Amino acid sequence: KVYCHYLDVGMSYDSHIIYSSESDIYYKGFTSNIVARLEKHNSGSSTYTSSRGQWILKYSKSFETKKEALLEEKRLKRLNRISLEKLIAEYASNL
């Protein structure tokens, strides 16, 4: 958590999966600002994702610590495509 002028403003970290239908690729990552990160992917500012078309958010999970978000990102990166799509479908059904 971040403390500013004695107020607890909190901070969270998100592990996420984004998808490019143009390239049919899933990208897994983590960030402290999911909106800004998605904009970066779609603006061409991110090396890996810049040449792969537009990206849409398919999954996001928030954590209180960076360590927890990184562990989730590592778990996501180990999943095969079928497992990723199952996770995304479960996530979408809970929205």
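Note that the structure is a prediction, hence the values are computed from the model and not measured.

Asker: How do you make sense of the overall build of the protein chain when you look at a structure like this?
Answerer: Of the regular secondary structure elements, the protein chain holds three helices and five strands. Every one of the 95 residues in the protein chain was classed for burial, and the buried ones make up 32%. Of the contacts made within the protein chain by residues no fewer than 6 positions apart, 55% connect residues no fewer than 24 positions apart. Accessible area for the protein chain stands at about 6,400 Å²; split by element, carbon and sulfur atoms hold 52% of it.

Asker: Teacher, can you tell me more about the sheet that holds strand β3 (residues 13-20) here?
Answerer: Within a sheet, each strand pairs with its neighbour through backbone hydrogen bonds, oriented either parallel or antiparallel. A sheet is described by the order of its strands in space; here three strands give the open sequence β4-β3-β5, paired in antiparallel fashion. Of all the strands in the sheet, just β4 (25-31) and β5 (56-63) have a single pairing partner and so form its edges. Taken pair by pair, the neighbouring strands of this sheet meet at an average axis angle of 15 degrees, ignoring direction. As defined by bridge partners, β3 adjoins β4 across seven bridges and the pair is classed as antiparallel. In the strand pairing of β4, I18 is matched with Y27.

Asker: Sorry if this is basic, but what is going on with helix α2 (residues 66-78) here?
Answerer: Structural remark: α-helix, 3.6 residues per turn; residues separated by three or four positions point the same way. Look at α2: 19 Å from first C-alpha to last across 13 residues, which is about the 18 Å you get at 1.5 Å a residue. Here α2 has its buried residues at A69, E72, E73 and L76. Each buried residue of α2 sits inside an arc of 105 degrees when the element is viewed along its axis, so together they form one side. Facing away from the buried surface of α2 by more than 90 degrees, the exposed residues are K67, L71, K74 and R78.

Asker: I keep staring at helix α3 (residues 81-93) and nothing clicks. Help me out?
Answerer: Its 13 residues place the ends of α3 18 Å apart at the C-alpha level, agreeing with the 18 Å of an ideal helix rising 1.5 Å per residue. For α3, the full list of buried residues reads L84, L87 and I88. An end-on view of α3 places all buried positions within 100 degrees of arc, on one side of the element. Those residues of α3 that are exposed and angled more than 90 degrees off the buried face are I82, K86 and S93.

Asker: How should I be thinking about unusual backbone geometry in this particular structure?
Answerer: As a rule of thumb, non-glycine residues mostly have phi less than zero, and peptide bonds are mostly trans rather than cis. A positive phi is found at D24, a non-glycine position, where the angle reads about 55 degrees. Along the chain, the position of D24 falls in the loop between β3 and β4.

Criteria and cut-off values
Residues numbered from 1 in each chain as written. Predicted model: local features only at pLDDT ≥ 70, side-chain atom pairs only at ≥ 80, totals over all residues. Heavy atoms only, no water. Helix = DSSP H or I, 4+ residues; strand = E, 2+ residues; numbered from the N terminus. Buried < 20%, exposed > 50% of the residue type's maximum accessible area, 1.4 Å probe, protein only. Contact = heavy atoms within 4.5 Å. Areas by Shrake-Rupley, 256 points an atom, 1.4 Å probe, with all protein chains shown as cover. Pairing = 2+ DSSP bridges. Axes fitted to C-alpha atoms, helices over the stretch in contact; angles between N-to-C directions. Expected span 1.5 Å × (residues − 1). Arc of directions from axis to C-beta.

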